[in-house]
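Each chain is listed here by its residues.
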Amino acid sequence: MSNTLSKAKGFKKSRSGTYLSMATTVFGALGVAKSIKKARTEQDTLRLIDAAVSAVSIVTGLAILYRELKRLGDDDVLLG
């Protein structure tokens, strides 16, 4: 059981785990885009600000995941 648990914990720092995190973050961006569109049609400034802050958070999260992906790639001999 502990071997399986250690594999699961290692998945987060793997290349495929990073890609999965990026995909879920992009999926969340679709919801934010929907919120921005709805806030614009209703002319709700507060919801628009909330959606904009969420969008900035998503961009920052993707940048961090991209940096982690590059860092994982530096360790790989075949990627240079």
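As the structure is a prediction and not an experimental result, all values here were calculated from the model.

Engineer: Tell me about the overall build of the protein, residues and numbers included.
Structural biologist: Along its length, the protein carries three helices and zero strands. Here the protein holds 80 residues, and 15% of them are scored as buried. Nonlocal contacts in the protein, meaning residues at least 24 apart in sequence, comprise 61% of its contacts between residues at least 6 apart. For the protein, the accessible area works out to roughly 6,500 Å², and carbon and sulfur atoms hold 64% of it.

Engineer: Can you tell me about the pattern of salt bridges, naming the residues and giving the values?
Structural biologist: In this structure the tally under the stated criterion is three salt bridges. The shortest N-O distance in the salt bridge between Asp 44 and Arg 47 comes to 3.4 Å. Shared partners join several salt bridges into a network, and the residues in it are Glu 42, Asp 44 and Arg 47.

Engineer: I'd like a rundown of unusual backbone geometry, residues and numbers included.
Structural biologist: Here the phi dihedral of Gln 43 falls at roughly 55 degrees; this positive angle occurs in a residue that is not glycine. Turning to its location among the elements, Gln 43 is positioned in the loop between helix H2 (15–42) and helix H3 (45–75).

Engineer: Report on the confidence of the model for the protein, specifying residues and quantitative values.
Structural biologist: When pLDDT is averaged across the protein, the result is 83; 75% of the residues are at 70 or more. Across the protein, H2 holds the top mean pLDDT of 92, while helix H1 (residues 2–11) sits lowest at 58.

Engineer: Before we move on, could you go through H2 and cite the residues and values that matter?
Structural biologist: If you check H2, its first and last C-alpha atoms are 41 Å apart, about what 28 residues at 1.5 Å a residue would give, namely 40 Å. For H2, the full list of buried residues reads Gly 17, Thr 18, Met 22, Thr 25, Val 32 and Ala 39.

Calculation notes
Residues numbered from 1 in each chain as written. Predicted model: local features only at pLDDT ≥ 70, side-chain atom pairs only at ≥ 80, totals over all residues. Heavy atoms only, no water. Helix = DSSP H or I, 4+ residues; strand = E, 2+ residues; numbered from the N terminus. Buried < 20%, exposed > 50% of the residue type's maximum accessible area, 1.4 Å probe, protein only. Contact = heavy atoms within 4.5 Å. Areas by Shrake-Rupley, 256 points an atom, 1.4 Å probe, with all protein chains shown as cover. Salt bridge = Lys/Arg side-chain N within 4 Å of Asp/Glu carboxyl O. pLDDT = per-residue confidence, 0-100. Expected span 1.5 Å × (residues − 1).

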